[in-house]
Amino acid sequence: MKTLSFYSLFAVLFLMGGPLGHPVPAGAQEQSGGAAEETQDNEAGPAQPAIKTLPPAYEEQLMRLSEILGALHYLRNLCGTGEGQTWREEMQKLIAAEKPSEQSQAQMIAAFNRGFRGYAEIHRECNDPAIEAANQFLAQGTRIAAEIPNRYGR
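Residues numbered from 1 in each chain as written. Predicted model: local features only at pLDDT ≥ 70, side-chain atom pairs only at ≥ 80, totals over all residues. Heavy atoms only, no water.

(A) Spotlight on helix 6 (residues 128-152). Between the first and last C-alpha of helix 6 there are 36 Å, a value that for 25 residues agrees with the 36 Å anticipated at 1.5 Å per step. Turning to helix 6, its buried residues are Ala130, Ala133, Ala134, Phe137, Gly141, Ile144, Ala145, Ile148 and Pro149. Between the side-chain oxygen of the N-cap and the backbone nitrogen of Ala130 there are 3.0 Å, and the N-cap of helix 6 in question is Asn127. (Helix = DSSP H or I, 4+ residues; strand = E, 2+ residues; numbered from the N terminus. Expected span 1.5 Å × (residues − 1). Buried < 20%, exposed > 50% of the residue type's maximum accessible area, 1.4 Å probe, protein only. Polar contact = N/O pair within 3.5 Å; in protein donor to acceptor, adjacent residues only side chain to side chain.)

If you want it as structure tokens, here you go:
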């Protein structure tokens, strides 16, 4: 992640309306089963194992930030701030800046949805507790957004 301002670091998820699609792996094509193909496979040697990359050290903070963005998307719109899709767009920017693996991206999206849905179940109208929750999320999100580049140098 590059050093980004608070607002550009706050990103909002693009709700996909369903599960993430998975591309068909290149090796999953039909085999015709000829002897010549077997010889070619043996000459090439065993398949190399896929290289696994570790998640970033700040992944837990990213998941929390994603959840905060989902909650803010719901609460700020509930209270009529007129921000529209701001928090969803910020989640999209966060995902674009991070370039997470498919699995990490799915987890970030799930965290955003959890934040949104969790507060949609609790707060049905804009009242003092909803306003206080949104303000606390803004403060916590600001702290996390500043902590990641300061602590991890990205």
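(B) Inspection of the environment of Ile68 at higher detail. For Ile68, the position within the fold is in helix 3 (residues 59-78). Separated by 47 residues in sequence, Ile68 and Gly115 place their C-alpha atoms 6.1 Å apart.

(C) Main features of unusual backbone geometry. The phi dihedral of Lys99 falls on the positive side, at around 50°, and the residue is not glycine. Summarising the element assignment, Lys99 is placed in the loop between helix 4 (86-98) and helix 5 (102-122).

(D) Fine view of the packing of helix 3 against helix 6. In the contact formed by helix 3 and helix 6, the axes pass within 9 Å of each other and the chain directions differ by 150°. Relative to helix 6, the element helix 3 is oriented roughly antiparallel. With respect to the hand of their crossing, helix 3 and helix 6 are arranged in left-handed fashion. Here Gln61, Leu62, Arg64, Leu65, Ile68, Ala71, Leu72, Leu75, Arg76 and Leu78 of helix 3 lie close against helix 6, whose contacting residues are Ala130, Ala133, Ala134, Phe137, Leu138, Gln140, Gly141, Ile144, Glu147, Ile148, Arg151 and Tyr152. When its residues are assigned to classes, the contact of helix 3 with helix 6 shows 15 nonpolar, three polar and four charged. (Axes fitted to C-alpha atoms, helices over the stretch in contact; angles between N-to-C directions. Parallel < 35°, antiparallel > 145°, perpendicular 65-115°, else oblique. Left-handed = near helix turned anticlockwise from the far one by under 90°. Contact = heavy atoms within 4.5 Å. Nonpolar A, V, L, I, M, F, W, Y, C, P; charged D, E, K, R; others polar.)

(E) Representation of the environment of His123. Relative to the helices and strands, His123 resides in the loop between helix 5 and helix 6. Looking at His123, the relative accessible area reads 10%, which means it is buried. In this structure the C-alpha to C-alpha distance between His123 and Leu78, which are 45 residues apart in sequence, comes to 8.6 Å. Setting aside anything within four residues of it in sequence, one finds His123 in contact with Tyr74, Leu75, Leu78, Pro129 and Ala130.

(F) Local environment of the state of the cysteines. Considering all chains together, one arrives at one disulfide under this definition. Across the disulfide, Cys79 is cross-linked to Cys126 (sulfur-sulfur distance 2.1 Å). Handedness of the Cys79-Cys126 disulfide follows from its S-S torsion of about 100°: it is right-handed. Here Cys126 lies in the loop between helix 5 and helix 6 and Cys79 lies in the loop between helix 3 and helix 4, a separation of 47 residues in the sequence. Taking relative accessible area as the criterion, Cys79 reaches 23% and is therefore assigned partly exposed. (Disulfide = S-S within 2.5 Å.)

(G) Spotlight on the pattern of salt bridges. This structure, assessed with the given rule, holds five salt bridges. Arg76 serves as the salt-bridge partner of Glu83, at 2.6 Å between the closest nitrogen and oxygen. The salt bridge partner of Glu90 is Lys93, with a shortest N-O separation of 3.1 Å. With Glu90 and Lys93 both in helix 4, this residue pair falls three residues apart, about one helical turn. The exposure class assigned to Glu90 is buried, which follows from its relative accessible area of 7%. For Lys93, a relative accessible area of 43% translates into the label partly exposed. Members of the salt-bridge network, linked through shared partners, are Arg64, Glu67 and Arg114. (Salt bridge = Lys/Arg side-chain N within 4 Å of Asp/Glu carboxyl O.)

Keep in mind that these numbers describe shape and distance, not what the molecule does.
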